[in-house]
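A closer look at the structure
Residues per chain are reported as follows:
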Amino acid sequence: MARLFIPGPTDVDTEVLQAQVRPMVGHRSTAFEQLYARLQPRLRKIFQTDHRVFVVASSGSGVWEGAMRSVVARRLLLCVCGAFGQRWADVAASNGTPFEQLDVEWGQANLPEQVETALKGGEFDTLAVVHNETSTGVENPIGEIVTRARALRPDLVILVDAVSSAGGVPIPVDSWEIDVLVTSSQKCFALPPGLAFAAVSDRALQRAASVSNRGWYFDLLLLEKYHQRDTTPSTPAISLLYALDFQLDRMLAEGMEARAIRHQKMATQVQSWAAERFELFAAEGYRSKTVTSIRNLRALDISALNKHLSLHEMSIANGYGPLKDKTFRIGHMGEIQPSDVAELLAHIDEFLQTAR
Ligand SMILES: Cc1ncc(COP(=O)(O)O)c(C=O)c1O
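Criteria and thresholds
Residues numbered from 1 in each chain as written. Predicted model: local features only at pLDDT ≥ 70, side-chain atom pairs only at ≥ 80, totals over all residues. Heavy atoms only, no water. Domains from an automatic or database assignment. Contact = heavy atoms within 4.5 Å. Buried area = accessible area lost by both parts, 1.4 Å probe. Salt bridge = Lys/Arg side-chain N within 4 Å of Asp/Glu carboxyl O. Polar contact = N/O pair within 3.5 Å; in protein donor to acceptor, adjacent residues only side chain to side chain. Helix = DSSP H or I, 4+ residues; strand = E, 2+ residues; numbered from the N terminus. Nonpolar A, V, L, I, M, F, W, Y, C, P; charged D, E, K, R; others polar. Core = buried A, V, L, I, M, F, W, Y, C linked by side-chain atoms within 4.5 Å. Buried < 20%, exposed > 50% of the residue type's maximum accessible area, 1.4 Å probe, protein only. Pairing = 2+ DSSP bridges. Axes fitted to C-alpha atoms, helices over the stretch in contact; angles between N-to-C directions. Near = heavy atom within 4 Å. Areas by Shrake-Rupley, 256 points an atom, 1.4 Å probe, with all protein chains shown as cover. Parallel < 35°, antiparallel > 145°, perpendicular 65-115°, else oblique. Left-handed = near helix turned anticlockwise from the far one by under 90°. Phe/Tyr/Trp six-rings, centres within 6.5 Å; stacked < 30°, edge-to-face > 60°. Lys NZ or Arg CZ within 6 Å of the ring centre and 35° of its normal.

1. Remarks on the domain arrangement of the chain
- One can read the domain layout of the chain as domain 1 (14-253) and domain 2 (255-354).
- Counting residues at the interface gives 31 residues for domain 1, matched by 22 residues for domain 2.
- Roughly 2,100 Å² of surface becomes buried between domain 1 and domain 2 when both sides are summed, with 61% attributable to carbon and sulfur atoms.
- At the surface where domain 1 touches domain 2, the tally comes to two salt bridges.
- In this structure, Glu335 engages Arg250 in a salt bridge whose closest nitrogen and oxygen atoms are separated by 3.0 Å.
- If you look at where domain 1 meets domain 2, you find 15 residue pairs in polar contact (both at pLDDT 80 or more).
- Contributions of two or more residues to the side of domain 1 that touches domain 2 are made by α4 (83-94), β7 (138-139) and α9 (238-254).
- A total of five residues in the side of domain 1 that touches domain 2 trace back to one element, the largest contributor, which is α9.
- Here the residues of the side of domain 1 that touches domain 2 sort into 15 nonpolar, 12 polar and four charged.

Okay, structure coming up:
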C-alpha cells in the first residue's frame, strides 16, 4: 500500500530496501567495478541514451550545480516557471555564472517560441530547462523546446532537470539531443534519497574541457575519467547502488512503456477528481504526469487533511513556498498504483464531507 503521495521521496518497496543489506566492498575492487558496469546498460535504456550515465552520491541538486559549473563558458539562458527553476537561478548567481532568466507566471509553461526569441537576444552557449516543475505541477514541452533551440544554435549545450519525471515519464535523451539530463533517486525511481543520475553527452564534455573552475566533486570531466574505469572519483554510496541494481531490474520488468502509461493514468485520475472539486493550478495542456497542484478553493486546512489521511497512514503535500495553503499537491509517481490513488481520493472525499 502506498503511503507517501508527496512529490518525493516516494515509498520504497521492502525488497528494494532489503537489497541494500549486503556486505561492503571497496570501490577500487573488481566487485565494485562489475556492479558499476552492470548498472550502465540498464540506466542507458531508461534514459534512452547511448551516452554515459553518471551515478553520484548526492541529491539531484549537487549534480545540477556541477553541470552548470562545468558547461557554461559564455552565458546561460535559464527557463523559470516555478520554485525549482528559481533555485537554479540562485545557484547560477552564487557561482558567478553569467545568466539570464526567462520567467513565466507560475502555473504556466515555458513555451518554445519564447525560448527561441530569448535565445536570439543574447550570446548564449547553454540552455537550462526544468522538465517537470514540481512546485506548480507544470510539465514543460521539452521536446519542442530543445528541437527549436538546437535548430537555432547547433552548438548549444542543453541541460534538463528531470528530477521529478525521469523514470516515470519517457524522455528520449538522444533523439531530443539533450546534453545533460539530471534526476534523483527518490522520485520516479522509487529508491531511497541520496543518489543522482546524469546522462551526459560528448558535446557537454567537450564544452567542459574549455571551462575553468569547474569545482571538483561534481566536475563532469573528473566523473568521466573515473567512469571510464567503472568507478567514481570519491567513495560511492555503495548500499544505495545495491538497491539501484535491484530496482533497475524491477523497473525494466514492468517495462518503461507500461510505467509511462501507469503514470499518465494516475495523473488523469487525480486531475479529473480535482477539476470536479477544485481547480488545477497548472495550465491546461501542460499538466504534469507525476504531481498535481490543486488550487485550495475551499480554504481547506491542509494540516487537518493530512491528520485525517494519517489515520490511513497516507499523506499529501502542501503547496510549495509562496503557494503554501493556496494550493496543495498530490504526488503520483514511483511505485504508486492507480488503485492506491483511488483509495487516497476516497479518503480525501471523506475529509471533504466533514470539512463542509
Ligand atoms: C524539479 C525538481 N528539481 C530539483 C529538485 C531538487 O532535487 P534534490 O532534492 O534531489 O536535490 C527537486 C526536488 O524536489 C525537483 O522537484
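The rest of the description comes next.
2. A short note on the nonpolar core
- Phe47, Leu127, Leu181, Phe189, Phe197 and Leu244 are the most contacted members of the largest nonpolar core, which has 74 residues in total.
- If we skip the residues at most four places from it in the chain, Phe47 touches Val53, Ala166, Ile171, Pro172, Val173, Leu181, Thr183, Phe189, Phe197 and Ala199.
- Core analysis: the next-biggest nonpolar cluster, separate from the first, contains 24 residues, Ile294, Ile302, Leu344 and Leu352 among them.

3. Some remarks on the sheet that holds strand β5 (residues 126-130)
- Strands sit in the order β2-β10-β9-β8-β5-β3-β4 across an open sheet of seven strands; the sheet is mixed. The strands lining the two open edges of the sheet, one partner per strand, are β2 (52-57) and β4 (99-103). The sheet shows a mean angle of 20° between the axes of neighbouring strands, direction not considered.
- In this sheet, strand β8 (residues 157-161) lies alongside β5 in parallel orientation, the contact comprising five bridges. Across the sheet, the residue bridging to Val129 is Val160, located in β8.
- Sitting on the sheet, helix α3 (residues 60-71) is in contact with β2, β3 (76-80), β5, β8, β9 (180-184) and β10 (195-200), with an inclination near 170° to β8.
- Helix-sheet contacts for α4 involve β3, β4, β5 and β8, and the interaxial angle to β3 is about 150°.

4. A word on the site of the ligand
- Around the ligand, a shell composed of 15 residues is seen, among which Ser59, Ser61, Thr134, Asp161 and Lys187 lie nearest.
- A distance of 3.0 Å separates an oxygen atom of the ligand from a polar atom in the backbone of Gly60.
- One of the side-chain nitrogen or oxygen atoms of Gln186 is found 2.9 Å away from an oxygen atom of the ligand.
- About the coverage of the ligand: the protein hides 89% of its 390 Å² of free accessible area.
- Looking at the shell around the ligand, the elements with two or more residues in it are α3 and α4.
- Among the elements that make up the shell around the ligand, the one with the highest residue count is α4 (three residues).

5. Things to note about the sheet that holds strand β11 (residues 279-280)
- Spatial strand order, β1-β13-β14-β12-β11: five strands in an open sheet with mixed pairing. The open sheet has two edge strands with one neighbour each: β1 (4-5) and β11.
- Examined bridge by bridge, strand β13 (residues 315-318) and strand β14 (residues 327-331) share two bridges and lie antiparallel to one another. Looking across to β14, one finds that Ala317 is bridged to Arg329.

6. Considering the packing of helix α2 (residues 30-47) against α9
- Taken N-terminus to C-terminus, the directions of α2 and α9 make an angle of 40°; their axes are 10 Å apart at the nearest point. Relative to α9, the element α2 lies oblique. The element α2 and its partner α9 pack so that their crossing is left-handed. Note on element contacts: α9 touches α2 through Ile238, Leu241, Tyr242, Leu244, Asp245, Leu248, Asp249, Met251 and Leu252, opposite Phe32, Leu35, Arg38, Leu39, Arg42, Leu43, Lys45 and Ile46.
- For the contact of α2 with α9, the class distribution of residues is 12 nonpolar, no polar and five charged.

7. Things to note about the environment of Gly85
- Here Gly85 is to be found in helix α4.
- Sequence spacing of Gly85 and Gln48 is 37 residues, and the spatial spacing of their C-alpha atoms is 24 Å.
- Non-local contacts of Gly85, meaning those with residues more than four positions away in its chain, are made with Leu78, Cys79, Val80, Val130 and Glu133.

8. A few points about the packing of aromatic side chains
- Applying the stated rule across the entire model yields eight aromatic pairs.
- With 5.3 Å between their ring centres and 80° between their planes, Phe278 and Phe328 make a pair best called edge-to-face. In this pair, Phe278 is assigned in the loop between α10 (256-277) and β11 and Phe328 in strand β14, connecting sequence segments 50 residues apart.
- With relative accessibility at 0%, the residue Phe328 sits in the buried group.
- These aromatic residues form a ring-pair network of at least three members: Phe47, Phe189 and Phe197.
- Its guanidinium or amino end placed over the ring of Tyr242, Arg22 lies 4.0 Å from that ring's centre, counting from NZ or CZ.

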